[in-house]
Amino acid sequence: MLEIKNLHASVAGNEILRGVDLTIRAGEVHAIMGPNGSGKSTLAHVLAGRPGYEVTEGQVLFKGQELLAMAPEMRAREGIFLAFQYPVEIPGVSNVYFLKNALNAVRKHRGLPELDAFDFLALVKEKAKLVDIDEELVKRPVNEGFSGGEKKRNEIFQMAVLDPTLAILDETDSGLDIDALRIVANGVNTLRSSERAMIVVTHYQRLLNYIVPDFLHVLVEGRIVREGGKELALELEEKGYSWLEKEPPPSSREPVPVA
Amino acid sequence: MEAIAQDARTALERSVLDAFRESRSPRDPEWLSNVRRAGLDRFREAGFPTARDEAWKYTNVAPILKVPFAPAAEAGPRRLPDLDTAHQPARSGTQLVFVNGRYAAELSSGATSGEGIEIASLREVLATRPESVEPHLARVAREGNAFADVNSALVEDGAFVRIAAGAVLADPIHLLFLSEPDFGPTVSHPRNIVVAEPGSQAVVVESWLGAAGAQYLTNAVTEVVLGEGAVLDFYKVERESVGAFHVATMEVLQKRDSTFTSHSVTLGGALVRNDLNVRLDAPGASCTLNGLFLGSGTQHLDNHTKIDHAQPHGTSRELYKGIMSGKSRGVFNGKIIVRPDAQKTDAMQTNKNLLLSKEALVNSEPALEIFADDVKCRHGSTIGQLDETALFYLRSRGIGEDESRALLVYAFASDVASRIRVAPLRAMVERHLGLRLSAGDGVDLSGARA
């Protein structure tokens, strides 16, 4: 579904991604870990199409199409969803209004009929229950006055409504306590499916106890330097990221998806 | 014959002096002649403002002065153009229509001069019972600016609204001013007087519209008095042509425990200057001034406000928001004076401006003069652009770029727009917000507000 080939990207003139290769298939959950500044969030934002991120080399194919040529709204309509690390507050715009417009833009693109207010609210009710978010929050202005945990739950709720093919979760666990983390992780897990793929970007191993990945990639200084399963996460938790520099990768390891 | 026209410096000044000469009538009561004469004398002495005048340093009136605007010819009955529902009264409501500054009875409805409530043409009241007007005309507007002085010099017609003590009016009173120049650029000098007697409650909507693309000058003065405990909501909606000039002074005098709420919406005009001066002249008075101005193209929109806390326990709240695109320019100057006796004053002023293009410009100046020591006064001003992160957030969910921008602009204006309690008016403003941004069809923003 997603093929990233030799991706180089800069932000404000600084090269952050220095040749990332990654392949993701439907149904898979890939975790990306790495120290601060390694490029984890940059990768998430480049995939979502955020302005200010310049791709200097490489290619990204999403369902066979050139992703980097698409505007952010087009990527969303094609099925990419980014759960922000710091969801922005938009006072004056109701969550429901904005989400209904977004969903209908996506549906229209897919050749589906648009939902009217009534049907949309029924969908909202269903999805709010699924990801355990208070329906009342949904009717307020986007993220306004939401706590950190509520903002993250709102991201997952939007994901449930928009039904993406590829979901990118950018440090969804940052700023959350254990209880909030559990709720958010549950929401994500209910949305796992064989038709959907997920990229879970995280700094700490803890999230991966709740959202168990199929593959783990470690990003250091803009390159994937190690790949493995969830056990690798525990090793990193114990030994830190600098251990990777000292210890060469084991010669035999589980086969990883190749670009 | 006085040689008054010879040393006139500009086309407009010449035209004003000519009009003054022609307007004087022996039938006018002496007090009215004095008002006019005093206005003319003040004008002749000061002249029109220049950039050297502090209050006009950002607003250059030269483009107005060089046009020989002349009063429109008196015309017979006209037809009302198709109007947005925002400018139509309720079925049993009142709407006074003025064309080129003159009352058009045949287009109006609900005018009344009963004991309790008087809603009538100023010209008629001056002709039939001038003693009703004398206590109120040019009493409030003390220190004028030259344009207001010209209005005094040439005062002829406008709306006279008096709401009797204790009267509570449910439907808004609509005052509609249409400009339709026939031959050449025209000027009108409407003078509106609104007297809300003690304990009364009413809503007044003053709308300014005109023929599309036409060039005209609206030089208006509105004087408002609120008696003890009166409650008045005043809406001013300016939607004149892109070739029009609008200079207006509104003076408000508030008595004890009165409540005044003003909503000023500026959408049209090549150059608009609103002076809104409120004097809290007795203890316990409160005022709320809301303003929204949208500029595009080369519009120049200037809002000057002054809130004079003259007595103790007064409350004022001010929220003005500007949205400027293209090469338009906005000016906001909010003066708050708290006099030595005005203890326990509670004043808050906020001006926020959104620039949608690189060439748009806003000058925002709060001006606080505080002479009492037991008061609460805060003010804040921001000038910024659309939040790029918010824009990306909306786009990342699939909403197109134009629509995302429109949504954010709407969100910016929504707290001021949502305060408009006259529903058709609010809907018109919300539509306008959506329309201004998209090149193509307007964006349907119904339901966008949370």
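Anything mentioned here points back to the structure above.
In this convention, every chain numbers its residues from 1, walking through the sequence in written order. As a convention, the first chain written is A and the first ligand written is 1, with the rest following in written order. pLDDT decides what is reported in this predicted model: residues at 70 or higher carry local features, side-chain atom pairs at 80 or more are listed and counted, and totals for whole chains, interfaces and linings draw on all residues regardless. Values shown for side chains rest on all heavy atoms present in the structure; no hydrogens or waters enter the calculation.

The next thing to look at is the overall build of chain A. For chain A, the helix and strand inventory stands at ten helices and twelve strands. Taken over the C-alpha trace, chain A has a radius of gyration of 18 Å; the compact-globule value for 259 residues is 18 Å, and the two agree within 12%. Counting only C-alpha atoms, chain A reaches 60 × 40 × 35 Å along its principal axes. Counting only residues that meet the buried cut, chain A has 55% of its 259 residues in that class. Within chain A, counting contacts between residues at least 6 apart in sequence, those at least 24 apart form 69% of the total. Positive and negative side-chain charges of chain A, numbering 30 and 38 respectively, have mean locations separated by a distance of 2 Å. What counts as a helix is a DSSP run of H or I of at least four residues, what counts as a strand is a run of E of at least two, and both are numbered from the N terminus. In this description the radius of gyration comes from C-alpha coordinates, and the expected globular size is given by 2.2 Å times residues to the power 0.38. Between buried and exposed lies partly exposed: a residue is buried under 20% and exposed over 50% of the maximum accessible area for its type, with that area taken using a 1.4 Å probe on protein chains only. We call two residues in contact when some of their heavy atoms are within 4.5 Å. Here the positive residues are Lys and Arg and the negative ones are Asp and Glu; neither His nor the chain ends is included. Charged groups are reduced to one reference atom each: NZ for lysine, CZ for arginine, CG for aspartic acid, CD for glutamic acid.

Glancing now at the overall build of chain B. The helix and strand tally for chain B stands at nine helices and 22 strands. Taking 22 Å as the expected radius of gyration for a compact globule of 450 residues, we find that chain B reaches 22 Å, a close match to that expectation. Counting every position in chain B, which comprises 450 residues, the buried fraction comes to 58%. To be clear on the numbers: accessible area is Shrake-Rupley with a 1.4 Å probe, and residue cover counts the displayed protein chains and nothing else. Element-wise, carbon and sulfur atoms account for 48% of the exposed surface of chain B, whose accessible area totals about 17800 Å². With 49 positive and 57 negative side-chain charges, chain B shows a separation of 3 Å between the mean positions of the two kinds.

On to the interface of chain B and chain A, then. The parts lose accessible area when they come together, and the size of an interface is often stated as this lost area. At the interface, 26 residues of chain B touch 36 residues of chain A. Counting each side, the surface lost to burial between chain B and chain A is near 2300 Å², with a carbon and sulfur contribution of 65%. Two parts lose some accessible area (1.4 Å probe) when they are put together, and adding that loss for both gives the buried area. For the chain B face of the interface with chain A, the top three residues by lost area are Phe392, Tyr393 and Arg397 of chain B, together amounting to 36%. Only one rule defines a salt bridge in this text: a Lys or Arg side-chain nitrogen within 4 Å of an Asp or Glu carboxyl oxygen. For the pair chain B and chain A, the interface holds two salt bridges. Notably, a salt bridge pairs Glu73 of chain A with Arg395 of chain B, separated by 2.7 Å at the nearest N-O pair. Contacts described as polar in this section are N or O atom pairs within 3.5 Å, which, within protein, must combine one atom able to donate a hydrogen with one able to accept it, while residues neighboring in sequence count only if both atoms come from side chains. Here chain B is connected to chain A by eleven residue pairs in polar contact (both at pLDDT 80 or more). Counting residues per element, the ones that place at least two in the side of chain B that touches chain A are helix 7 (388-395) and helix 8 (401-417) of chain B. The dominant element in the side of chain B that touches chain A, judged by the number of residues it contributes, is helix 8 of chain B, at seven residues.

All names here are of chain B. In this analysis, the protein atoms alone were mapped onto a 1 Å grid. Cavities are point sets where a 1.4 Å probe fits without being able to get out; pockets are open sets with protein on both sides within 12 Å along at least five of seven lines; lining residues have an atom within 4 Å of a point. Grid points are joined across faces, edges and corners, and a volume is the space filled by probe spheres set on the points. Under the definition given, this model contains five cavities of 30 Å³ or more. Residue lining of the largest cavity: 16 residues in total, with Lys236, Met250, Asn274, Asp275 and Leu276 positioned closest to the centre. Charged residues are taken to be Asp, Glu, Lys and Arg, nonpolar residues to be Ala, Val, Leu, Ile, Met, Phe, Trp, Tyr, Cys and Pro, and polar residues to be all remaining types, Gly included. Tallied by class, the residues present in the lining of the largest cavity amount to five nonpolar, eight polar and three charged. Here the second largest cavity is characterised by a volume of approximately 70 Å³. Considering the residues around the second largest cavity, the lining is formed by 14 residues, among which Leu12, Val16, Val150, Val187 and His189 are closest to the centre.

Before going further, it helps to spend a moment on the environment of Leu166 of chain A. Residue and element names in this part refer to chain A. Among the structural elements, Leu166 can be located in strand 9 (residues 166-170). What makes Leu166 buried here is its relative accessible area of 0%. Through-space distance from the C-alpha of Leu166 to that of Ala31 is 13 Å; in sequence the pair is 135 residues apart.

All names here are of chain B. Two cysteine sulfurs form what is called a disulfide whenever their separation falls within 2.5 Å. Evaluation of the coordinates by the stated rule reveals zero disulfides over all chains. In this structure Cys377 is not part of a disulfide, and its nearest cysteine sulfur, from Cys287, lies 12 Å away. Look at Cys377 and you get partly exposed, because its relative accessible area is 24%.

Residues and elements named next belong to chain A. Of all the residues in helix 9 (residues 230-239), the buried ones are Leu232, Ala233 and Leu236. In a view along the axis of helix 9, the buried residues occupy a sector of 105 degrees, so they form one face of it. At the exit of helix 9 stands Gly240, carrying a positive phi of roughly 80 degrees. This arc corresponds to the set of directions leading from the helix axis out to the C-beta atoms.

Residue and element names in this part refer to chain B. Strand pairing is assigned whenever DSSP detects at least two bridges linking the two strands. Here we have ten strands laid out as an open sheet, ordered 3-2-7-10-12-14-16-18-20-22, and mixed in their pairing. Whereas interior strands pair on both sides, the edge strands pair on one side only; in this sheet they are strand 3 (102-103) and strand 22 (376-384). In this structure, strand 2 (residues 94-99) lies alongside strand 3, joined through two bridges in antiparallel fashion. Bridge pairing links Val99 to Arg102 in strand 3. Lines fitted to C-alpha atoms define the axes, with helix axes restricted to the stretch in contact, and inter-axis angles between N-to-C directions lie between 0 and 180 degrees. Helix 8 contacts strand 16 (286-295), strand 18 (315-324) and strand 20 (346-355) of the sheet and is inclined by roughly 155 degrees relative to strand 18.

So, on to the side chain of Asp275 of chain B. Residue and element names in this part refer to chain B. Its place among the elements puts Asp275 in strand 15 (residues 271-280). Among the polar contacts listed, one links the side chain of Asp275 to the side chain of Arg273, at a separation of 2.7 Å. Once you skip the residues sitting within four places of it in the chain, Asp275 turns out to touch Asn145, Ala248, Thr249, Met250 and His304.

Let's shift gears to the pairing of strand 18 of chain B. All names here are of chain B. When you tally the buried positions in strand 18, you get eight out of ten residues, the bulk of the element. Sheet analysis places strand 16 next to strand 18, joined by ten bridges and oriented parallel. Its bridge partner lying in strand 18, Gly291 is registered against Tyr320. As judged from the ten bridges shared by strand 18 and strand 20, these two strands associate in the parallel manner.

The subject of this paragraph is the packing of helix 3 (residues 95-109) of chain A against helix 6 (residues 148-162) of chain A. Residues and elements named next belong to chain A. Interhelical geometry of helix 3 versus helix 6 gives an angle of 35 degrees and a closest axis separation of 10 Å. When you trace helix 3 past helix 6, the crossing you get is right-handed. In contact with Asn95, Phe98, Leu99, Ala102, Leu103 and Val106 of helix 3, helix 6 contributes Asn154, Phe157, Gln158, Val161 and Leu162. Looking at the contact of helix 3 with helix 6 residue by residue, the classes come out as eight nonpolar, three polar and no charged. Less than a right angle of anticlockwise turn of the near helix away from the far helix marks a crossing as left-handed, whereas a clockwise turn marks it as right-handed.

By convention, a stacked pair of Phe, Tyr or Trp rings (six-membered ring in the case of Trp) has centres within 6.5 Å and planes under 30 degrees apart, an edge-to-face pair has planes over 60 apart, and any other such pair is tilted. If you walk through the whole model with that rule in mind, you get eleven aromatic pairs over all chains. Measuring from ring centre to ring centre gives 5.7 Å for Phe84 of chain A and Phe392 of chain B, while their planes differ by 55 degrees; the resulting arrangement is tilted. With Phe84 of chain A in the loop between strand 6 (80-83) and strand 7 (90-94) and Phe392 of chain B in helix 7, this pair bridges two chains. Residue Phe84 of chain A shares its accessibility class with Phe392 of chain B, and that shared class is buried.

All names here are of chain A. All chains considered together, the criterion is met by 43 salt bridges over all chains. The partner of Lys151 in a salt bridge is Glu89, and the shortest N-O contact between them spans 3.2 Å. Of this pair, Lys151 sits in helix 6 while Glu89 sits in the loop between strand 6 and strand 7; the two residues are 62 residues apart in sequence, bridging distant segments of the chain. The residue Asp163 makes a salt bridge to Arg196 at a minimum N-O spacing of 2.3 Å. In this pair, Asp163 is assigned in the loop between helix 6 and strand 9 and Arg196 in the loop between helix 7 (178-190) and strand 10 (197-202), connecting sequence segments 33 residues apart.

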